[in-house]
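Chain and residue survey
Below are the chains, spelled out letter by letter.
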Amino acid sequence: MERKLAGAHLTINLGALKENYCLLRDKAAPAECAASVKANAYGLGIEKVGPALYAAGCRRFFVALPGEGVTLRALLPDAKIHILAGLLPDTEEIYLAHRLDPVLNSLHDIRQWAAFAKTRGPLHALLHLDTGMTRLGLLEAEIRELAAAPELLNNIEIDFVMSHLSCADVADDPMNREQLEKLEFFRSILPKKLRNTPVSFANSAGIFLGPDYHFDMVRPGIALFGGNPHAGAPNPMREVVHLRGRILRVADVDSEFPVGYGATFRTEGSSRIATVSVGYADGYFRVLGNKAECAINNIKVPVVGRVSMDIITVDVSKVPAGDCAPGAFVDLIGGAVPLDEVAVHADTIPYEVLTALGSRYYREYLDAAV
Ligand SMILES: *Cc1c(COP(=O)(O)O)cnc(C)c1O
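Residues numbered from 1 in each chain as written. Predicted model: local features only at pLDDT ≥ 70, side-chain atom pairs only at ≥ 80, totals over all residues. Heavy atoms only, no water.

Formally: UniProt positions are given in the numbering used here, feature names are shortened, and annotations may be inferred rather than shown by experiment.
Identification of the protein chain as Alanine racemase from Sneathiella sedimenti is taken from an unreviewed UniProt entry. The record in UniProt for the protein chain states the following under Cofactor (unreviewed entry): "pyridoxal 5'-phosphate". The UniProt entry for the protein chain carries this comment under Sequence similarities (unreviewed entry): "Belongs to the alanine racemase family."

Put into structure tokens, the structure is as follows:
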């Protein structure tokens, strides 16, 4: 939306994004650092994020769906693009035309790609092993079946064997070690020609579990975008997202004034309530009402009353009057209001906060030099 016509401004710092890429790449080296940019680059805009990461040196990208891969291919003609969903029915020609490599998630996927590769191969793919999420990837029985029928892979070049960690954000969770051991075991029972194939295991949090988890390629997502890869520890990443909402109106009221739908909040003592132009239709979750904080010039101020579709109400009594006039901005995400804090207040994770960011914002991309 056009700058003057939007109720809130979303600033995405591509310079910080590139710095985050370089930090993760250096931490994981000598492993290659790919990027997970599914769901429109976690809501931040693949048209800007894809080329920015490429400019920072990233040459390998993961998206969820073939449709996302087609979009990314048009932006990055030379990148490697992997489709985490695997294959969808009747999509093989599209994968080939756009050079999208599926992550083969089951024997079903393998058979489908193999049948196509017989006439159109050799074709590339990644092979996913399910080490503990029961979500995607081959289970032990399927790996044994594949080992007994290695000719299925005759026309398929597996570039990486991969798996995905379920608990990497909690560094001392025993699941991490268990999955690592299972991955090693699964590799040992793969068809012989895959036992030395390069491996990819770590997401953002996995990179911080140490070199045992890096293998040959890592695939961070959230940390690129400024999310904290470790639960409960200081965030080493630079802030990428800043969301500011405009004040529409300021009300000076006495005590016991009801605020918002359901009158769930009443002022205590004389108060100044600012009405800010953002709401749940913009991805500012309704659960944040009476819970989250915003900030004006680094002074934290509470969201009071319910979040409406287009509006929140904020108690700005302690902010100097000159800083909270109509037209002024309130920090909603970023600065004194870290993304991770907003996620905690919304009983969710930063991933969901980012992917929910709405379409009514004025979006501005900064590209400070790295
Ligand atoms: C989304 C995803 C990633 C990236 O995870 P982050 O926690 O955002 O770093 C990596 N691997 C797979 C399979 C994914 O689905």
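Continuing now.
1. Considering unusual backbone geometry
Formally: Secondary structure elements follow DSSP: runs of H or I no shorter than four residues count as helices, runs of E no shorter than two count as strands, and numbering proceeds from the N terminus. Burial classes follow relative accessibility: with a 1.4 Å probe on protein chains only, a residue under 20% of its type's maximum area counts as buried, one over 50% as exposed, and anything between as partly exposed.
Note the cis peptide between Ala29 and Pro30, where omega equals 10°. Between Gly121 and the following residue, Pro122, the backbone shows a cis peptide bond with an omega angle of 0°. Of note, Pro122 is situated in the loop between α6 (107-120) and β7 (123-128). Look at Ala39: it is not a glycine, yet its phi comes out positive at around 50°. Here Ala39 lies in helix α2 (residues 38-42). The backbone of Tyr42 sits at a positive phi, close to 55°, despite the residue not being glycine. Position of Tyr42 among the secondary structure elements: in helix α2. A relative accessible area of 6% means that Tyr42 is categorised as buried.

2. Here's the deal with the site of the ligand
The line we're drawing: The cutoff for a nearby residue is simple: one of its non-hydrogen atoms must lie within 4 Å of the molecule or strand. We call two N or O atoms a polar contact when they sit within 3.5 Å, provided that within protein one can donate a hydrogen and the other can accept it, with sequence-adjacent residues counted only if both atoms are side-chain atoms. Only protein atoms enter the calculation, which uses a 1 Å grid: trapped sets of points that fit a 1.4 Å probe without letting it out are cavities, open sets showing protein on both sides within 12 Å along at least five of seven lines are pockets, and any residue with an atom within 4 Å of a point is a lining residue. By definition, a pocket or cavity contains a molecule when more than half of the molecule's atoms lie within 2 Å of the pocket's grid points.
Looking at the ligand, there are 14 residues lining it, with Lys38, Tyr42, Ser204, Arg219 and Tyr351 nearest. The contact in question runs from a nitrogen atom of the ligand to an N or O atom on the side chain of His164, over 3.4 Å. Tyr351 has a polar side-chain atom sitting 2.6 Å from an oxygen atom of the ligand. When atoms are counted within 2 Å of each cavity's grid points, the one that captures over half of the ligand is the largest pocket.

3. What to know about the UniProt feature "modified residue: N6-(pyridoxal phosphate)lysine" (unreviewed entry) in the protein chain
Under the convention used in this document: Residue contacts are counted whenever heavy atoms from the two residues lie within 4.5 Å of one another.
Under the local residue numbering, the UniProt record ascribes the feature "modified residue: N6-(pyridoxal phosphate)lysine" (unreviewed entry) to Lys38. Residue position: Lys38 is located in helix α2. Exposure remark for Lys38: the relative accessible area of 28% places this residue in the partly exposed category. Discounting chain neighbours no more than four positions away, the residues touching Lys38 are Phe62, Val63, Ala64, Glu68 and Leu84.

4. What about the nonpolar core?
Our working rule: Nonpolar cores are built from buried Ala, Val, Leu, Ile, Met, Phe, Trp, Tyr and Cys residues. Side-chain atoms within 4.5 Å join them into one set. As annotated, the domain borders come from an automatic or database domain assignment.
Val37, Leu53, Leu127, Phe225, Tyr284 and Ile312 are the most contacted members of the largest nonpolar core, which has 108 residues in total. The element contributing the most residues to this core is helix α1 (residues 14-28), with 7 residues. The residue makeup of this core includes at least three contributed by each of domain 1 (14-225) and domain 2 (241-337). Every residue in contact with Tyr284, bar those within four places of it in the chain, is listed here: Val278, Gly279, Ala292, Cys294, Val303, Val307, Ile312 and Leu332. Counting residues in hydrophobic clusters, the runner-up holds 8 residues, among them Ala34, Leu84, Val103 and Met217.

5. A closer look at the pairing of strand β11 (residues 241-253)
The cut-off we apply is this: Strand pairing follows a simple DSSP-based rule, namely that at least 2 bridges must link the two strands.
Relative to β11, strand β1 (residues 8-13) runs antiparallel, the two being bridged by 5 bridges. Counted as the bridge partner of His9 is Arg244 from β11. Where β11 meets strand β18 (residues 329-333), 4 bridges bridge the pair, whose relative direction is antiparallel. The partner of Gly245 across the bridge, within β18, is Val330. Across 6 bridges, β11 lies against strand β14 (residues 271-276) in antiparallel orientation. If you follow Arg249 over to β14, its bridge partner there is Thr275.

6. Examining the UniProt feature "binding site: substrate" (unreviewed entry) in the protein chain
Mapped onto this numbering, the UniProt entry gives "binding site: substrate" (unreviewed entry) at Arg135 and Met309. Their sequence span is 175 residues, while the largest C-alpha to C-alpha distance among them is 34.3 Å; these annotated residues do not converge on one region. Among the residues just listed, Arg135 line the largest cavity. Mapped onto the elements, Arg135 comes out in the loop between β7 and α7 (140-148). Topologically, Met309 is positioned in the loop between β16 (299-302) and β17 (312-315). What Met309 contacts, discounting residues up to four positions off in sequence, is Gly279, Tyr280, Ala281, Asp282 and Arg360.

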